[in-house]
Amino acid sequence: HRRFDYRPKTDPYCQARYTFCPTGSAIPVMEEEDVIEVYRLQAPVWEFKYGDLLGHLKIMHDAVGFKSSLTGKNYTMEWYELFQLGNCTFPHLRPGMDAPFWCNQGAACFYEGIDDAHWKENGTLVLVTTVSGTMFNEMAKWVKYDNETGIYYETWTVQASPNKQSIVWFDSYECSKFILRTYQKLADLGAVFKKIQTNYTSIILFSGEPIYLGNETSIFGPLGNKTLAAAIRNFYYPFKPHRTVGEFFVDLLKIIDRVILNRQFYLFYNLEYWFLPMKFPYLKIIYEEVPLPIGSKTSFGV
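A brief structural summary. Just so it is clear, the model here is predicted, and its values are computed rather than measured.

## Things to note about the state of the cysteines
A covalent bond between the sulfur atoms of two cysteines is what we call a disulfide. Using the criterion set out here, one finds 2 disulfides in the structure. Between the sulfur atoms of Cys14 and its disulfide partner Cys103 the distance amounts to 2.1 Å. Taking the torsion about the S-S bond as the criterion, the Cys14 to Cys103 disulfide, at about -85°, is left-handed. Highlighted residues: Cys14 in the segment before strand S1 (35–44) and Cys103 in the loop between helix H2 (84–89) and strand S4 (106–112), separated in sequence by 89 residues. The pair formed by Cys14 and Cys103 is uniform in burial state, with each residue classed as buried.

See the structure below:
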């Protein structure tokens, strides 16, 4: 997943149904001698709206919690889409614009408090390690860097097959990956994690070797490939938001026809388009263990 030099301003066309990080605050500077508890937080996606519904499918959202021993204050940190998941997964086809229009930025959100009920009721709130104030402050610097350079949300992992040793063509870049990077950073700073099982959700597409198609300019620009441009637009059209149930089922049949029967998928990744020759089982949601990290330094300050 490519890193960028800066985060571009978002276009006013991109609108969120739910405000991104509504109570967000700056990450505080902790006292060096503070001992800070670090919590693993996980709950079903859209739990606030649908309860445990997506939890049954193991579609989970991840975050990390902190508690300062000196002040007693709790904090939550997470990374998610600025304009909700649908906008990050599929583009808008705007009138008068040849190229699909993406609202696919993601970012870190930090705020005071941990909503115990939200994480405990259908999910997880468990202590995974403790760190010093010094380690927390170093992590905060890294979060700023990570947030300014890793700016685009990517829903899909793309693999050659369901086998564990399978080639990964493209890796996702979403909430769980941010939490895994944060844990690894803390481990590298000296945090020692408890030996507990930790599982994360991945949504996987299965594909033969991807074919590079080009970027927005080379495909949709004045000297672009009109046939390919039309094929990409036609592929994305059925994924638009639906006003009626009937509309949804008509477009669902089109999606099945293209992705499963014709084995086609167009992926937008790092601002470039790729063709995926799809393979059985086409798509799978997995809830797989990723162990807590082992650091590269000796723990200090705790």
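## A closer look at the environment of Ser68
Along the polypeptide, Ser68 turns up in strand S2 (residues 60–68). In this structure, the C-alpha to C-alpha distance between Ser68 and Val131, residues 63 residues apart in sequence, is 9.7 Å. Excluding residues within four positions of it along the chain, Ser68 makes contact with Met30, Asp34, Val35, Ile36 and Lys73. Polar contacts involving the side chain of Ser68 include one to the main-chain amide nitrogen of Leu70, which spans 3.3 Å. A polar atom in the side chain of Ser68 sits 3.1 Å from the side chain of Thr71.

## Quick look at the packing of aromatic side chains
The tally for this structure, following the rule as stated, stands at 26 aromatic pairs. Between Tyr266 and Phe275 the ring centres are 5.4 Å apart and the planes differ by 65°, which places this aromatic pair in the edge-to-face class. Like Phe275, Tyr266 is buried. Taken together, Phe90, Trp102, Trp156, Phe220, Phe235, Tyr236, Phe239, Phe265, Tyr266, Phe268, Tyr273 and Phe275 form an aromatic cluster joined through their ring pairs. A cation over a ring is seen here: Arg40 above Tyr200, with NZ or CZ 5.0 Å from the ring centre. Note that Arg94 overlies the ring of Tyr13, its terminal NZ or CZ placed 3.7 Å from the centroid.

## Overview of the pattern of salt bridges
Under the definition given, this model contains 10 salt bridges. Asp146 serves as the salt-bridge partner of Arg181, at 3.0 Å between the closest nitrogen and oxygen. In this pair, Arg181 sits in helix H5 (residues 175–189) while Asp146 sits in helix H4 (residues 133–149), placing the two residues 35 residues apart along the sequence. Across the pair, Asp146 and Arg181 agree in class, each one buried. A salt bridge links Asp251 to Lys240, with the shortest nitrogen-to-oxygen separation between them at 2.6 Å. One end of the pair, Asp251, is in helix H8 (residues 245–261); the other, Lys240, is in the loop between helix H7 (226–236) and H8, and 11 residues separate them in sequence. According to the relative accessible area criterion, Asp251 is buried, its value standing at 3%. Where salt bridges share partners, they join Arg3, Asp146 and Arg181 into one cluster.

## As for H8
If you check H8, its first and last C-alpha atoms are 23 Å apart, about what 17 residues at 1.5 Å a residue would give, namely 24 Å. Three or more residues of H8 are buried, namely Asp251, Ile255 and Val259. Along the axis of H8, the buried residues cluster in a sector spanning 65°; they form a single face. Those residues of H8 that are exposed and aimed more than 90 degrees away from the buried face are Leu253 and Leu261. Following H8 by one or two positions, Arg263 adopts a phi angle in the positive range, close to 55°.

## Topic: the sheet that holds S1
Spatially, S4-S3-S2-S1-S5 is the arrangement adopted by the 5 strands of the open sheet, whose pairing is antiparallel. Two strands close off the open sheet at either side, each with one partner strand: S4 and strand S5 (124–132). On average, adjacent strands in this sheet sit at an angle of 25° to one another, irrespective of strand direction. Inspection of the sheet shows S1 paired to S5 by 8 bridges, in the antiparallel sense. Bridge pairing in S5 links Arg40 to Val126. Lying over the sheet, H4 contacts S1, S2, strand S3 (74–81), S4 and S5, oriented at roughly 110° with respect to S5. Strands S1, S2, S3, S4 and S5 of the sheet are contacted by H5, whose axis makes an angle of about 35° with S2.

Basis of the calculations
Residues numbered from 1 in each chain as written. Predicted model: local features only at pLDDT ≥ 70, side-chain atom pairs only at ≥ 80, totals over all residues. Heavy atoms only, no water. Disulfide = S-S within 2.5 Å. Helix = DSSP H or I, 4+ residues; strand = E, 2+ residues; numbered from the N terminus. Buried < 20%, exposed > 50% of the residue type's maximum accessible area, 1.4 Å probe, protein only. Contact = heavy atoms within 4.5 Å. Polar contact = N/O pair within 3.5 Å; in protein donor to acceptor, adjacent residues only side chain to side chain. Phe/Tyr/Trp six-rings, centres within 6.5 Å; stacked < 30°, edge-to-face > 60°. Lys NZ or Arg CZ within 6 Å of the ring centre and 35° of its normal. Salt bridge = Lys/Arg side-chain N within 4 Å of Asp/Glu carboxyl O. Expected span 1.5 Å × (residues − 1). Arc of directions from axis to C-beta. Pairing = 2+ DSSP bridges. Axes fitted to C-alpha atoms, helices over the stretch in contact; angles between N-to-C directions.

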